[in-house]
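# Chain and residue survey
For reference, the chains in residue letters:
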Amino acid sequence: MSDASTRSRAHAGPPSAHAEPPLPYSRQWIDDADVEAVAAVLRGEWLTTGPAVDHFEGALGAATRAPHVVAVSSGTAALHAAYAAFGGAPGAALVTSPLTFVATASAALHLGMDVAFADVDARTGLLDPGAARAALDALGARARILAPVDYAGHPADARAFESLAAERDGLRVVIDGSHSLGAARGGRRVGEMGDATTLSFHPVKPITTGEGGAVATRDGAAALAMRQFRSHGMRRGERAGGGATDDAWAYDVAEPAFNFRLPDVACALGASQLRRLDAFVARRRAIAARYASDLADVTALELPVVEPGAEPGWHLYVVRVREAARRRAFFDALRARGLGVQVHYAPVHLLSLFRARGHREGELPRAEDFARRAVSIPLFPAMSDGDVARVVDAVHDAAREVL
């Protein structure tokens, strides 16, 4: 059936709530090879912190071109460990985007850091380098970490942020790449930009381990610190109280840390998924290209913008309603047609956690406007061409009805 005939049928009116199964904004894709990889670990000797962890970290290193990869229990744990390794401490400050999941900012609070937000580019939703510079200048020497976000899978302008860091002693760039594994910008892959990149393996992310995350970095000392941080702060090969030893059982703990380990079972799934990363990303790009073409005539919407030199991973496809007051009606109309659309995100500085720290509406107008008008429509590799056509038809029909 052609797109035109499908669209004509869709314009006949909203479908019955039971006509087609709901189509989520994203979901995992697990195949028989993934199941067998996990089953092989379950049949083996190790369930946690064994050879599958090392294998997964090595495979991620190859995929990201990062010399060191540290697997942890979640994307949030990855942020927490990276911030700790790169200077996160009471009195230090982090600068980041408000257009992200809360963990990008809240992980810093666990270290006693202050969090400052800088506004985004109105076209892309990515952290604006000029706004970041102003926030860094206001903080002075207290600024220790700059955390750009690869929003929706579009890599941030790492070179601009690396330049900002080069101007300031001790400032490190930790990129929140939770959305962007497999993407690239300026010829560099996600994972080889900044001082470190954090990754997430939640089921809706580019690959999944169920729950899980990792930090990719070129800094060997930081990687060692993160390995200790993920395992209670244990320092193997040291006597209790300090000092090197060759006693096989010996370890010391100098600072409190966490159990952020990612088990072998999860790493086996991740390594299996990683073999299909290129295919997953290629399919996401094909769907995004279809949307860009087939939704271009919906003038009541703004479609995503791709910066020159960027090769997004398209974790999300975020359209924006031109009139914010119509976003709820559009959202509800799509839900009524069986699309599990979502909003990414409530601006972090307006959550109660950060309002209690003095943040208010109006301080970051571009991010606030972007969030008021945003709707994430379904995009995930397991979508069929028919699913994509269904989304296109539903968007056209909903726009005609309410926009």
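The preceding data block contains the structure.
Here we summarise the structure given alongside this text. Not measured: the values here are computed from a predicted model. Counting from 1, residues in each chain are numbered in the order their sequence is written. The predicted origin of the model limits local features to residues at a pLDDT of at least 70 and limits the giving and counting of side-chain atom pairs to 80 or more, whereas totals for whole chains, interfaces and linings rest on all residues. With hydrogens and water excluded, all non-hydrogen atoms of the structure serve as input to the side-chain values.

### Things to note about the overall build of the protein chain
Just so we agree on the cut-off: Secondary structure is summarised from DSSP: a helix means a run of H or I of at least four residues, a strand means a run of E of at least two, and numbering begins at the N terminus for each. Radius of gyration: C-alpha atoms only; globule rule: 2.2 Å multiplied by the number of residues to the exponent 0.38. Burial classes: relative accessible area under 20% of the type maximum marks a residue as buried, over 50% as exposed, and values in between as partly exposed (1.4 Å probe, protein chains only). The criterion used for residue contact is that any of the two residues' heavy atoms lie within 4.5 Å. We get accessible surface area from the Shrake-Rupley algorithm with a probe of 1.4 Å; when it comes to residues, only the shown protein chains can shield them. Two residue types count as positive, namely Lys and Arg, and two as negative, namely Asp and Glu; His and chain ends fall outside the count. Taken as the charge centre is NZ of Lys, CZ of Arg, CG of Asp or CD of Glu, depending on the residue.
The number of helices and strands found in the protein chain is 14 helices and 17 strands. Scaling as 2.2 N^0.38, a compact globule of 403 residues should have a C-alpha radius of gyration of about 22 Å, and the protein chain matches this with 22 Å. For the C-alpha atoms alone, the extent of the protein chain along its principal axes is close to 75 × 55 × 35 Å. Across the 403 residues that make up the protein chain, the buried fraction comes to 54%. Here the analysis covers contacts within the protein chain between residues at least 6 apart in sequence; of these, 72% occur between residues at least 24 apart. Carbon and sulfur atoms form 53% of the exposed surface of the protein chain, whose accessible area is close to 16700 Å². Counting 44 positive and 47 negative side-chain charges, the protein chain places the centres of these two groups 3 Å from one another.

### Remarks on the layout of surface pockets
What counts here: The method works on a 1 Å grid over the protein atoms by themselves. A cavity is a set of points holding a 1.4 Å probe that cannot get out, a pocket is an open set with protein on both sides within 12 Å along at least five of seven lines, and residues with an atom within 4 Å of a point line them. Grid points are joined across faces, edges and corners, and a volume is the space filled by probe spheres set on the points.
Estimated volume of the largest pocket: approximately 400 Å³. If you trace the largest pocket, you find 21 residues lining it, with Phe101, Ser200, His202, Lys205 and Tyr345 closest to the centre. Among the elements that take part in the lining of the largest pocket, helix H4 (residues 75-85) stands out by supplying three residues, more than any other.

### So, helix H6 (residues 129-139)
To be explicit about the condition: Each direction from the helix axis to a C-beta atom contributes to the arc, which is the arc of those directions. Polar contact is defined as a pair of N or O atoms within 3.5 Å, subject to the rule that within protein one atom must be able to donate a hydrogen and the other to accept it, and that residues adjacent in sequence are counted only when both atoms are side-chain atoms.
Listed in full, the buried residues belonging to H6 are Ala131, Ala132, Ala135, Leu136 and Leu139. Projected down its long axis, H6 carries its buried residues within an arc of 140°, all on one side. Structurally, H6 contributes buried residues whose contacts are with strand E3 (93-96), strand E4 (114-117), strand E5 (143-147), helix H7 (158-166) and helix H13 (365-373). Its side-chain oxygen placed 3.2 Å from the backbone nitrogen of Gly130, Asp128 serves as the N-cap of H6. Taken from the residues just after H6, Gly140 is the one with a positive phi, measuring 65°.

### Things to note about the sheet that holds strand E9 (residues 196-200)
Two orientations exist for strands paired in a sheet by backbone hydrogen bonds: parallel and antiparallel. We apply this condition: The criterion for strand pairing is that DSSP finds at least two bridges linking the strands in question. The axes are straight lines fitted to the C-alpha atoms, using for helices just the contacting stretch, and the angles between their N-to-C directions are given from 0 to 180°.
Read from one edge of the open sheet, seven strands run E2-E10-E9-E6-E5-E3-E4, paired in mixed fashion. Either end of the sheet is taken by a strand with one partner, and the two such strands are strand E2 (68-72) and E4. Across this sheet, the average inter-strand angle for adjacent strands is 20°, counted without regard to direction. Summarising the sheet, E5 and strand E6 (residues 172-176) pair through two bridges and their orientation is parallel. Residue pairing in the sheet places Leu146 in a bridge with Val173 of E6. Packed on one face of the sheet, H4 meets E2, E3, E5, E6, E9 and strand E10 (213-217) and runs near 160° to E9. In the packing of H7 onto the sheet, the strands contacted are E5 and E6, and the crossing angle to E6 comes to about 155°.

### Comments concerning the pattern of salt bridges
As a reminder of what qualifies: Salt bridges are identified by distance alone: a Lys or Arg side-chain nitrogen within 4 Å of an Asp or Glu carboxyl oxygen.
All chains considered together, the criterion is met by 28 salt bridges. Arg168 is paired through a salt bridge with Glu167; the nearest N and O atoms lie 3.2 Å apart. The class of Arg168 is buried, set by a relative accessible area of 17%. Exposure remark for Glu167: the relative accessible area of 48% places this residue in the partly exposed category. For the salt bridge of Arg373 with Glu302, the shortest nitrogen-to-oxygen distance reads 3.1 Å. Of this pair, Arg373 sits in helix H13 while Glu302 sits in strand E13 (residues 301-302), and the two are 71 residues apart along the sequence. On the basis of relative accessible area, Arg373 is assigned to the buried category, the value being 7%. Overall, the relative accessible area of 21% leaves Glu302 in the partly exposed class. Through salt bridges with shared partners, a single network forms among Glu302, Arg320, Arg322, Asp369 and Arg373.

### Looking at the side chain of Glu368
In this structure, Glu368 sits in helix H13. Here Glu368 is buried and forms no salt bridge, its nearest opposite-charge partner Arg372 lying at an N-O distance of 4.2 Å. At a separation of 2.8 Å, a polar atom in the side chain of Glu368 contacts the side chain of His349. For Glu368, the contacting residues outside a window of four places in its chain are Pro347, His349, Leu350, Arg360, Glu361, Gly362 and Glu363.

### A word on the packing of aromatic side chains
As a reminder of what qualifies: Stacked, edge-to-face and tilted labels apply to pairs of Phe, Tyr and Trp rings (six-membered ring for Trp) whose centres lie within 6.5 Å, assigned for plane angles under 30 degrees, over 60, and everything in between, in that order. Criterion for a charge above a ring: Arg CZ or Lys NZ at most 6 Å from the ring centre, at most 35 degrees from the ring normal.
A full pass over the atoms with the stated rule returns ten aromatic pairs. Between Tyr151 and Phe370 the ring centres are 5.6 Å apart and the planes differ by 85°, which places this aromatic pair in the edge-to-face class. Placement of the pair is Tyr151 in the loop between E5 and H7 and Phe370 in helix H13, with a sequence separation of 219 residues. We note that Tyr151, like Phe370, is buried. Cluster of aromatic residues (ring-pair linked, three or more members): Phe229, Phe258 and Phe260. One cation-aromatic arrangement involves Arg276 over Trp29; the distance from NZ or CZ to the ring centre is 5.6 Å.

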